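# Inside the fold
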Amino acid sequence: MNYIVNSVFNSITYILPTGEEKDCYLVDCGDVEKVIEHGWHVKGVLLTHAHFDHIYGLNKLVDIFYDALIYTNEAGREGLMNPKRNFSRYHDEVEDFVFAFPERVVLIDDGDKIKIAEDMWAEVIATPGHAESCLSYKIGKYLFTGDSYIPGIKVYTSFPRSDKAAAEQSVNRLLQLQKECCLDIMPGHLVTE
Ligand SMILES: [Zn+2]
């Protein structure tokens, strides 16, 4: 699995090559420079949720890859457009983040399938709780869980819009799916001891 550990909060951007030259999709978007450095051409970004540490590179990204599509749900779109909702307002690590290309957003939700490559589909799983915008993605034998499930860490549900009960249900659903399909969990942050 190709990935970048971003400079803000060790969030992770995963790189999914489509197999066509250097085309790829990303899961979340932080330090865009590192993606460009490696020569990738980004076709789209699957967002696990719209908190600033998972989205802060999007303006720079779409500025360069102007035809890239950004996949999220309705709550995610609201988060992209609102620095209070995405929390960039409250953190010094990044400037206020407002997504400058709302026309690039594609709304998705539970059960949708996104074609990544000829033989690769992303299955969308709504996993609300940590945030309303939380989506997980099953792609091949991988399960991208964002902050909805980070192995070894309790899901953070103390934000004003978090929902603790929903978060527990989401974790159970993800674990069930992992077990059924023998999936590798790809969480939204690199966890160091
Ligand atoms: Zn988060």
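Here is a short report on the structure shown in this document. Keep in mind that what you see is a predicted model, and the values were worked out from it rather than measured.

About the cut-offs
- Residues numbered from 1 in each chain as written.
- Predicted model: local features only at pLDDT ≥ 70, side-chain atom pairs only at ≥ 80, totals over all residues.
- Heavy atoms only, no water.
- Helix = DSSP H or I, 4+ residues; strand = E, 2+ residues; numbered from the N terminus.
- Rg over C-alpha atoms; globule rule 2.2 N^0.38 Å.
- Contact = heavy atoms within 4.5 Å.
- Areas by Shrake-Rupley, 256 points an atom, 1.4 Å probe, with all protein chains shown as cover.
- Lys, Arg positive; Asp, Glu negative; His and termini not counted.
- Charge placed at Lys NZ, Arg CZ, Asp CG, Glu CD.
- Phe/Tyr/Trp six-rings, centres within 6.5 Å; stacked < 30°, edge-to-face > 60°.
- Buried < 20%, exposed > 50% of the residue type's maximum accessible area, 1.4 Å probe, protein only.
- Pairing = 2+ DSSP bridges.
- Core = buried A, V, L, I, M, F, W, Y, C linked by side-chain atoms within 4.5 Å.
- Donors = N, O, S within 2.8 Å, 3.2 Å for Na, K, Ca; no water.
- Tetrahedral: all angles 85-135°; square planar, octahedral: opposite > 155°, others 65-115°.
- Axes fitted to C-alpha atoms, helices over the stretch in contact; angles between N-to-C directions.

Helices and strands together make up the secondary structure of the chain, namely four helices and eleven strands. Against the 2.2 N^0.38 benchmark of 16 Å for 193 residues, the chain shows a C-alpha radius of gyration of 15 Å, consistent with a compact globule. Dimensions along the principal axes, computed over C-alpha positions, put the chain at roughly 40 × 40 × 35 Å. Within the chain, contacts between residues at least 6 apart in sequence are counted, and of these 57% link residues at least 24 apart. Of the roughly 9500 Å² of accessible surface on the chain, 50% is carried by carbon and sulfur atoms. Positive and negative side-chain charges of the chain, numbering 18 and 30 respectively, have mean locations separated by a distance of 4 Å.

So, on to the packing of aromatic side chains. Going through the model one piece at a time under the given rule, you end up with eight aromatic pairs. Relative to tyrosine 14, the ring of tyrosine 3 lies with its centre 6.1 Å away and its plane at 50°, an arrangement referred to as tilted. Here the residue tyrosine 3 occupies a position in strand E1 (residues 2-5), and tyrosine 14 occupies one in strand E2 (residues 12-17), the gap between them amounting to eleven residues. Judged by relative accessible area, tyrosine 14 falls into the buried class, the value being 4%. Centre to centre, the rings of tyrosine 14 and phenylalanine 144 are 5.1 Å apart; their planes meet at 70°, and the pair counts as edge-to-face. With tyrosine 14 in strand E2 and phenylalanine 144 in strand E10 (residues 142-146), this residue pair connects regions lying 130 residues apart in the sequence.

Now for the pairing of E1. Taken together, the four bridges between E1 and E2 define a ladder with antiparallel strand orientation. The residue of E2 that forms the bridge with asparagine 2 is isoleucine 15. Here E1 folds back onto E2, and the loop between the two strands holds six residues, one of which, phenylalanine 9, carries a positive phi near 55°.

Time to look at the nonpolar core. Val45, Leu58, Leu61, Ile70, Leu80 and Phe99 are the most contacted members of the largest nonpolar core, which totals 23 residues. Those elements that place two or more of their residues in this core are strand E3 (23-27), helix H1 (32-37), strand E4 (41-46) and helix H2 (58-64). When residues in this core are grouped by element, the largest group, three residues, is from H2. If we ignore the near neighbours within four places in the chain, the residues touching isoleucine 70 are Val45, Leu47, Leu58, Leu61, Val62, Leu80, Phe99, Arg104, Val105 and Val106. With 20 residues, the next largest nonpolar core counts Leu16, Leu46, Val124 and Tyr137 among its residues.

For the rest of this paragraph, the subject is the coordination of the zinc ion. Around the zinc ion, the protein supplies His49 (NE2), His51 (ND1), His130 (NE2) and Asp147 (OD) as donor atoms, at distances of 2.1 to 2.6 Å. Around the zinc ion sit four donor atoms; with metal-centred angles ranging over 86 to 178°, the donor geometry is irregular. Summarised as a motif, the one-chain spacing of the donors to the zinc ion is H-x1-H-x78-H-x16-D. With histidine 49 in the loop between E4 and H2 and aspartate 147 in the loop between E10 and helix H4 (164-181), this pair connects stretches of sequence that are 98 residues apart. Across the pair, aspartate 147 and histidine 49 agree in class, each one buried.

Turning our eyes to something else, we now look at the environment of tyrosine 137. Along the chain, tyrosine 137 falls in strand E9 (residues 135-139). With a relative accessible area of 0%, tyrosine 137 lands in the buried category. Placed twelve residues apart in sequence, tyrosine 137 and isoleucine 125 show a C-alpha to C-alpha distance of 5.9 Å. In this structure tyrosine 137 touches Leu46, Leu47, Thr48, Tyr71, Ile108, Ile114, Ala122, Glu123, Val124, Tyr142, Leu143 and Phe144, once residues within four positions along its chain are discounted.

Before going further, it helps to examine the sheet that holds E10. As summarised here, the arrangement of the five strands in space is E7-E8-E9-E10-E11, forming an open sheet in which the pairing is mixed. Edge strands, defined here as strands with exactly one partner in the open sheet, are strand E7 (113-117) and strand E11 (184-187). This sheet shows a mean twist of 25° between the axes of neighbouring strands, independent of strand direction. The strands touched by H4 are strand E8 (120-126), E9, E10 and E11; relative to E10, the strand with the most contacts, the crossing angle is about 165°.

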